[in-house]
Amino acid sequence: MCNSKAAKAAPTVAEKTELPSLGDLRAAIPKHCFERNPLTGFYYIARDGVVITLLGLLAWQLPYENMPLWAYAAWGAYAFWQGTALTGWWVIAHECGHGAFSPSQTLNDFVGFILHTMLYVPYFSWQYSHAKHHSKTNHLLDGETHVPATKKGFRAYKKVHDVIGDDAFAVLQVVLHLLLGWPMYLFMNATGSRRLNKEFGNKRIPKGEVLDHFRPNSKLFPATWRFRVLLSSVGLVAWTAFLCHVASKIGAWRMSLMYFGPYLWVNAWLVLYTWLQHTQDDIPHWGEGEWTWLKGAAIGTIDREYGIFDWFHHDIGSTHVCHHVFSKIPHYHAHEATRALKKKLGKLYNHNGDYWVKSMWQVAKTCHYVEGVNGRQYYRSATDFKKD
């Protein structure tokens with residue numbers, strides 16, 4: 001559970017408890033957990049597809065013109081549950097990007113490209129930036145997605161906090177993350193790395209430089225990825241053309257109700273997971289010289305409880321530590337692997353038993369900035385800012 005006392009006590013545990021080697025962690029997990037069966041993967045795609053289809057058929061019966069009040073509520077419920085179901089496909093496509101769907105990366109990329117494109121994710125582009133997130137987890141300079149703001153960078157937000165108050169600022173955090181977080185990351189790399197990649201000299205990103213996920217010449221990517229970035233963007237253009245065709249047949253409003261409402265919830269879910277699985281005030285972030293890959297993956301990640309949504313989302317949030325240490329373990333083996341990993345990590349294993357809504361609220365209220373980008377850093381809240 002998030003609290004300032006835990007934040008101050010955590011370094012003692014991390015410093016005095018020896019982190020097992022990657023080899024030791026691998027040896028602790030049953031070998032069959034690393035086996036990837038594409039038939040099992042296709043079963044889960046089909047399972048999710050049945051839920052998605054049934055929800056779509058139910059929504060097709062709803063009025064969409066001159067709607068009574070109950071119809072607005074019904075469309076809102078549909079958007080949430082269909083978005084929740086579609087996130088299952090998003091998670092499987094994400095596994096494809098890691099190579100966890102099948103031993104064949106060609107098959108992984110084929111399946112992942114189709115599923116992610118249908119959810120407006122530039123598959124190969126995001127595959128690259130997400131791989132960077134895994135390779136630099138909780139690195140204060142090179143980390144990717146939800147890299148903490150520094151105290152200096154947080155000053156403007158602090159002014160907002162002072163005007164609207166603590167609870168309203170937490171609500172704003174939730175809305176900005178879940179509604180705008182995903183498009184802002186794709187279009188401008190918001191909360192992404194502070195430095196360019198090695199091809200551009202590992203330099204700080206210049207002011208005004210836009211690192212997006214759509215242009216092949218975006219400095220987010222090395223030259224070797226340009227064709228794949230182009231392919232991702234072409235896929236999105238083709239999907240947009242298809243949706244326009246559908247809209248011409250059934251009407252833009254009805255198509256928007258059927259697709260774009262759920263789409264917003266898919267975005268909300270994926271940002272929620274990436275936000276909560278590495279953010280808590282006793283989870284460390286490291287600067288140059290302090291960070292190691294294994295510390296970021298094992299100590300910089302936390303498992304949380306999501307109730308029924310674990311079923312929909314293939315346990316991506318409740319087995320996230322395992323996913324970061326061994327990203328090629330498929331989700332259907334992740335719980336067994338997590339139990340073994342938890343035993344081996346001991347006190348270093350991070351788990352928060354609070355339900356996800358409570359965790360989200362706590363993170364939104366307490367995790368706003370870090371002091372700097374050197375050494376070991378822990379999140380601090382806007383209320384701490386006044387004390388300095």
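Here goes a summary of the coordinates provided. Position numbers for residues count from 1 along each chain, tracking the sequence in the order it is written. Per-residue local features are limited, in this predicted model, to residues with pLDDT of at least 70; the limit for side-chain atom pairs, both in listing and counting, is 80 or more; totals at the level of whole chains, interfaces and linings are taken over all residues. Excluded from the side-chain calculations are hydrogens and water; all other atoms, namely the structure's heavy atoms, are used.

### Side note on the overall build of the chain
Then, number 1: Each helix and strand counted, the chain has 16 helices and 4 strands in total.
Then, number 2: Taken over the C-alpha trace, the chain has a radius of gyration of 21 Å; the compact-globule value for 388 residues is 21 Å, and the two agree within 12%.
Then, number 3: Each of the three principal axes of the chain carries a C-alpha extent, and together these read 60 × 55 × 40 Å.
Then, number 4: Within the chain, the fraction of its 388 residues that count as buried is 55%.
Then, number 5: Intrachain contacts of the chain at a sequence separation of at least 6 include 72% that bridge at least 24 residues. A run of H or I in DSSP counts as a helix once it spans at least four residues, and a run of E counts as a strand once it spans at least two, with each numbered from the N terminus. In this setup the radius of gyration rests on C-alpha atoms only. A globule is expected at 2.2 Å times the number of residues raised to 0.38. Burial classification: accessible surface area is computed with a 1.4 Å probe over protein chains only, and a residue below 20% of its type maximum counts as buried, one above 50% as exposed, and the rest as partly exposed. Contact definition: two residues touch when any of their heavy atoms are within 4.5 Å.

### Considerations on the side chain of Lys295
Then, number 1: Turning to its location among the elements, Lys295 is positioned in helix α11 (residues 293–299).
Then, number 2: Comment: no salt bridge for buried Lys295; closest opposite-charge side chain is Glu290, at 4.2 Å.
Then, number 3: One polar contact links the side chain of Lys295 to the main-chain carbonyl oxygen of Glu290, over a distance of 2.4 Å.
Then, number 4: Setting aside chain neighbours within four positions, we find Lys295 in contact with Leu19, Trp286, Glu290 and Gly300. The charge count treats Lys and Arg as positive and Asp and Glu as negative. His and the chain ends do not count. The working definition used for a salt bridge is a side-chain nitrogen of Lys or Arg within 4 Å of a carboxyl oxygen of Asp or Glu. Definition of a polar contact: a pair of N or O atoms within 3.5 Å, with one able to donate and the other able to accept a hydrogen when the atoms are protein atoms, and with sequence-neighbouring residues admitted only if both atoms are side-chain atoms.

### Describing a nonpolar patch on the surface
Then, number 1: Together, Val171, Val175, Leu176, Leu179, Leu180, Met184, Phe187, Met188, Val210, Leu264 and Trp361 line one region of the surface with nonpolar side chains, adding up to about 940 Å² of accessible area.
Then, number 2: A total of 8 residues in the nonpolar patch trace back to one element, the largest contributor, which is helix α8 (residues 166–188).
Then, number 3: Assignment of secondary structure puts Phe187 in helix α8.
Then, number 4: We classify Phe187 as exposed; its relative accessible area is 52%. Within the patch definition used here, like charges are joined within 9 Å and nonpolar side chains (Val, Leu, Ile, Met, Phe, Trp, Tyr) within 5 Å, considering only residues with over 30% relative accessible area and no salt bridge. Where accessible areas are quoted, they stem from the Shrake-Rupley method and a 1.4 Å probe; at the residue level, only the protein chains shown are allowed to cover.

### Section: the packing of aromatic side chains
Then, number 1: Only Phe, Tyr and Trp rings take part, Trp by its six-membered ring, and two of them pair if their centres are within 6.5 Å. Stacked means planes under 30 degrees apart, edge-to-face means over 60, and tilted covers everything else. Per the stated rule, a full pass over the model turns up 38 aromatic pairs.
Then, number 2: Pairing Tyr369 with Phe385 gives two aromatic rings, centres 5.5 Å apart and planes at 70°, and the pair type is edge-to-face. You can see Tyr369 sitting in the loop between α15 (356–366) and β4 (376–377) and its partner Phe385 sitting in helix α16 (residues 382–385), a full 16 residues away along the chain. A single burial state applies to Tyr369 and to Phe385, both of which are buried.
Then, number 3: One aromatic cluster is present, built from ring pairs that chain together Phe80, Trp81, Trp265, Trp269, Tyr273, Tyr306, Phe309, Trp311, Phe312, Tyr355 and Trp356.
Then, number 4: In this scheme, the term charge over a ring applies when either NZ of a lysine or CZ of an arginine sits within 6 Å of the ring centre and within 35 degrees of the ring normal. Positioned above the aromatic ring of Phe385 is the side chain of Lys151, whose terminal nitrogen or guanidinium carbon lies 5.2 Å from the ring centre.
Then, number 5: One residue, Arg228, lies across the ring of Trp225, its end atom 3.8 Å from the ring centre.

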